[in-house]
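A look at the structure
Each chain, letter by letter, is given below.
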Amino acid sequence: MEYRHLGRSGLKVPVLSFGTGTFGGKGEFFQAWGSTDVAEARKLIDICIDAGVNMFDSADIYSGGAAESVLGEAIKGRPRDKLLISTKATFRSGEGVNEVGSSRYHLVAAVDAALQRLGTDYIDLFQLHGFDAATPVEETLSTLDDLVRAGKLRYVGASNFSGWHLMKSLGVADRYGYPRYVAHQAYYSLVGRDYEWELMPLAQDQGVGAVVWSPLGWGRLTGKIRRGQPLPANSRLHVTADMGPPVPDELLYRVVDALEKIAGETGKTVPQVALNWLLQRPTVSSVVIGARDEQQLRQNLGAVGWNLTKEQVAELDVASTTTLAYPYWHQRGFAERNPAPV
């Protein structure tokens, strides 16, 4: 397993981390992801640790907190200092008017509840799950500063921020000496390269590491979806397609065709090639992989220990290229002084 610094921090993380969205299976949406119980979670965590994957990512909204609870039970008895636990909060966690957002009220309660569910005294990486425009950034960051000083959080990050959300937060952190976001958990895949337009150059400039979610394009790059064939009966896309990132059919099939070609050349699987492409992109610190079962997990772990050639990477780049939104297409005409990040 390869380890990289998490952004411009001193913390090293594995290039693959394990996402627990499949743990718990509470509600139709998360049940479509998976319903891993504690016993199965222990097996998957054993496989991860044997492979050098020691970072486990969760969130308070995953199965209404059940994912954190399953993770907490599954890591009991293991040396805590050998594990990296990351989780997220900001989205609504209850009926009350203050049980949502990144206010001091909600974040303090959310962190304490997560610690209890996880059965731990501290969280290695705590990320805001989304930007809260209704709470002053100063309030959010001063609260995170208090939680870091209290020993409840080690590092802080964000998720699903726009470029100005992230840059404003970093500016406020620098102004007042609050902890900087060292990670941005962002959607990035061969069928969703919007991250490269603004967030990647920002991350390069400011030292923010990408923790990539849904690296297989919301389950579209598993190798089971092919041109001219119906969606497999067991695909979670039947339930979740409208809730995830949209992907035009022609783009998907073009990328899958290129992935299948390169999979044949390398002797790897389609998802392994898709994950390996991501691991070669600038600013990527860790890619969050998920798995319903041992077979899926072992296949995803096979994305490391080898590299695509420059020619294969370029072939995938071409297949996945889309028209940029303004002002990004305009900026590409000034590459002499404003180069693309990749």
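This section reports on the structure supplied with the text.

Cut-offs and rules
- Residues numbered from 1 in each chain as written.
- Predicted model: local features only at pLDDT ≥ 70, side-chain atom pairs only at ≥ 80, totals over all residues.
- Heavy atoms only, no water.
- Helix = DSSP H or I, 4+ residues; strand = E, 2+ residues; numbered from the N terminus.
- Rg over C-alpha atoms; globule rule 2.2 N^0.38 Å.
- Buried < 20%, exposed > 50% of the residue type's maximum accessible area, 1.4 Å probe, protein only.
- Contact = heavy atoms within 4.5 Å.
- Areas by Shrake-Rupley, 256 points an atom, 1.4 Å probe, with all protein chains shown as cover.
- Phe/Tyr/Trp six-rings, centres within 6.5 Å; stacked < 30°, edge-to-face > 60°.
- Lys NZ or Arg CZ within 6 Å of the ring centre and 35° of its normal.
- Axes fitted to C-alpha atoms, helices over the stretch in contact; angles between N-to-C directions.
- Parallel < 35°, antiparallel > 145°, perpendicular 65-115°, else oblique.
- Left-handed = near helix turned anticlockwise from the far one by under 90°.
- Nonpolar A, V, L, I, M, F, W, Y, C, P; charged D, E, K, R; others polar.
- 1 Å grid on protein atoms, 1.4 Å probe; cavity = no way out; pocket = protein on both sides within 12 Å on 5 of 7 lines; lining within 4 Å.
- Points joined across faces, edges and corners; volume = space filled by probe spheres on them.

We now examine the overall build of the protein chain. Secondary structure assignment for the protein chain yields 13 helices and 10 strands. For the protein chain, the C-alpha radius of gyration of 20 Å lies close to 20 Å, the compact-globule estimate for 342 residues. Dimensions of the protein chain, computed from C-alpha atoms along their principal axes, come out at roughly 50 × 50 × 35 Å. Classification of the 342 residues of the protein chain by burial places 55% in the buried group. Taking all contacts inside the protein chain whose residues are at least 6 apart in sequence as the whole, residues at least 24 apart take part in 78%. Within the structure as shown, the protein chain displays about 15,100 Å² of accessible surface, and the carbon and sulfur contribution to it stands at 51%.

All chains considered together, the criterion is met by 19 aromatic pairs. Both rings, one in tyrosine 326 and one in tryptophan 329, keep their centres 6.0 Å apart while their planes meet at 55°; by these two values the pair is tilted. Overall, tyrosine 326 belongs to the exposed group, its relative accessible area being 59%. Here a set of aromatic residues connected by ring pairs shows up, and it is made of Phe29, Phe30, Trp33, Tyr62, Tyr187, Trp213 and Trp218. One Lys or Arg, arginine 80, reaches over the ring of tyrosine 122 and ends 4.1 Å from the middle of that ring. Taking NZ or CZ as reference, arginine 154 lies 3.8 Å from the ring centre of tyrosine 122, over its face.

Put simply, helix α2 (residues 38–50) and helix α11 (residues 294–301) touch, their axes get as near as 10 Å, and they point 20° apart. As far as their axial angle goes, α11 and α2 are roughly parallel. Considering only the axes of α2 and α11, their crossing is right-handed. Across the interface between the two elements, Glu40, Leu44, Ile47 and Cys48 of α2 pack against Glu294, Leu297, Arg298 and Leu301 of α11. When grouped by side-chain class, the residues that make up the contact of α2 with α11 number five nonpolar, no polar and three charged.

The next thing to look at is empty space enclosed by the protein. The final tally for this structure, using the stated rule, is one cavity of 30 Å³ or more. Put simply, the largest cavity is a space of about 50 Å³. In terms of lining, the largest cavity is formed by Ser102, Leu128, Phe131, Asp132, Thr135, Val137, Thr140, Phe161, Ser169 and Tyr181. Partitioning the lining of the largest cavity into residue classes produces five nonpolar, four polar and one charged.

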